[in-house]
Amino acid sequence: YYFLIVFGHDGQKPLELRTDEESVCDEWVEAIQQASYSDIIIEREVLMQKYIHLVQIVETEKVAANQLRTQLEDQDTEIERLKSEVNSI
């Protein structure tokens, strides 16, 4: 008994399964039928959504960090200006 599993990727060699017993072949077929590819696709989609969400958070944090950096530079400039003004008085 034998059967082939052909995947959707071009040029990929099919997986060939052989056994001397029909019962073993039946067990393989049943296990393959229970291993749902759609479950993997759903899990991948959930992970991709989480990844996208994390990327958005990181980008938001980068923008906030740049804004804070700019504010600190502006405040530093203002402090130096005020020091200069106080020294001139």
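Residues numbered from 1 in each chain as written. Predicted model: local features only at pLDDT ≥ 70, side-chain atom pairs only at ≥ 80, totals over all residues. Heavy atoms only, no water.

Draft legend 1. Representation of the packing of aromatic side chains. Counted by the stated rule, this structure contains one aromatic pair. Taken together, a centroid distance of 6.5 Å and an interplanar angle of 65° make the contact between Phe3 and Trp28 edge-to-face. With Phe3 in strand β1 (residues 2-5) and Trp28 in helix α1 (residues 22-34), this pair connects stretches of sequence that are 25 residues apart. The class for Trp28 is partly exposed, based on a relative accessible area of 31%. The lysine or arginine in question, Arg18, covers the ring of Tyr2, its NZ or CZ lying 4.9 Å from the ring centre. (Phe/Tyr/Trp six-rings, centres within 6.5 Å; stacked < 30°, edge-to-face > 60°. Helix = DSSP H or I, 4+ residues; strand = E, 2+ residues; numbered from the N terminus. Buried < 20%, exposed > 50% of the residue type's maximum accessible area, 1.4 Å probe, protein only. Lys NZ or Arg CZ within 6 Å of the ring centre and 35° of its normal.)

Draft legend 2. Here's a closer look at the pairing of β1. Taking every second residue as pointing to the same face, the buried face of β1 carries Phe3 and Ile5, while none of Tyr2 and Leu4 on the other face is buried. Two elements, β1 and strand β2 (residues 15-18), share four bridges in a ladder whose sense is antiparallel. Looking at the pairing, Phe3 lines up with Leu17 of β2. (Pairing = 2+ DSSP bridges.)

Draft legend 3. Main features of the pattern of salt bridges. Overall, the coordinates contain five salt bridges when judged by the stated rule. Across the pair Lys62 and Glu59 runs a salt bridge, and its minimum N-O distance is 3.7 Å. Of the two residues, Lys62 and Glu59 both sit in helix α2 (residues 37-88), three residues apart, roughly one turn of that helix. The shortest N-O distance in the salt bridge between Glu85 and Arg81 comes to 2.9 Å. Of this pair, Glu85 and Arg81 both sit in helix α2, separated by four residues, roughly a single helical turn. Classification of Arg81 as partly exposed rests on a relative accessible area of 42%. (Salt bridge = Lys/Arg side-chain N within 4 Å of Asp/Glu carboxyl O.)

Draft legend 4. Region of interest: a nonpolar patch on the surface. Together, Met48, Tyr51, Ile52 and Val55 make up a nonpolar patch on the protein surface, roughly 340 Å² of accessible area in all. Along the chain, the position of Met48 falls in helix α2. A relative accessible area of 33% places Met48 in the partly exposed class. (Patch = residues over 30% accessible without salt bridge, like charges linked within 9 Å, V, L, I, M, F, W, Y side chains within 5 Å. Areas by Shrake-Rupley, 256 points an atom, 1.4 Å probe, with all protein chains shown as cover.)

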